[in-house]
Amino acid sequence: MANRSDFFNAKLPRHFKRILAMAETYGWVKNSHERGELKRSFITAHSNHVGFKLKRQAMDTGNSEE
């Protein structure tokens, strides 16, 4: 899957959507309320991860220019 990275652009990237679908298939998620809670936690975790990576990239590019 070349050039299909949605890490920085998507609110919930496809690999998390796949995890949610598999969780329903295997019965790890019992109802829509649990699915919503899991989805919100994935969205929060992903936004924190994106923020960290953007901050780290900004620091890396700032140090390389000096």
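Relevant structure appears above.
So, here's what we can say about the structure. (Residues numbered from 1 in each chain as written. Predicted model: local features only at pLDDT ≥ 70, side-chain atom pairs only at ≥ 80, totals over all residues. Heavy atoms only, no water.)

1. Side note on the packing of aromatic side chains
Turning to step 1, where the next piece is worked out: Tallying each qualifying case throughout the model produces three aromatic pairs.
Turning to step 2, where the next piece is worked out: The interplanar angle of 90° and the centroid separation of 5.1 Å between the aromatic rings of Phe 7 and Phe 8 together place this pair among those described as edge-to-face.
Turning to step 3, where the next piece is worked out: Given the relative accessible area of 15%, Phe 7 is considered buried.
Turning to step 4, where the next piece is worked out: Classification of Phe 8 by relative accessible area gives partly exposed; the value is 39%. (Phe/Tyr/Trp six-rings, centres within 6.5 Å; stacked < 30°, edge-to-face > 60°. Buried < 20%, exposed > 50% of the residue type's maximum accessible area, 1.4 Å probe, protein only.)

2. Let's talk about the environment of Gly 51
Turning to step 1, where the next piece is worked out: Within the fold, Gly 51 resides in helix H2 (residues 32-64).
Turning to step 2, where the next piece is worked out: Residue Gly 51 is classed as partly exposed on the basis of its relative accessible area of 36%.
Turning to step 3, where the next piece is worked out: Gly 51 sits 43 residues away from Phe 8 along the chain, and the two C-alpha atoms are 9.3 Å apart. (Helix = DSSP H or I, 4+ residues; strand = E, 2+ residues; numbered from the N terminus.)

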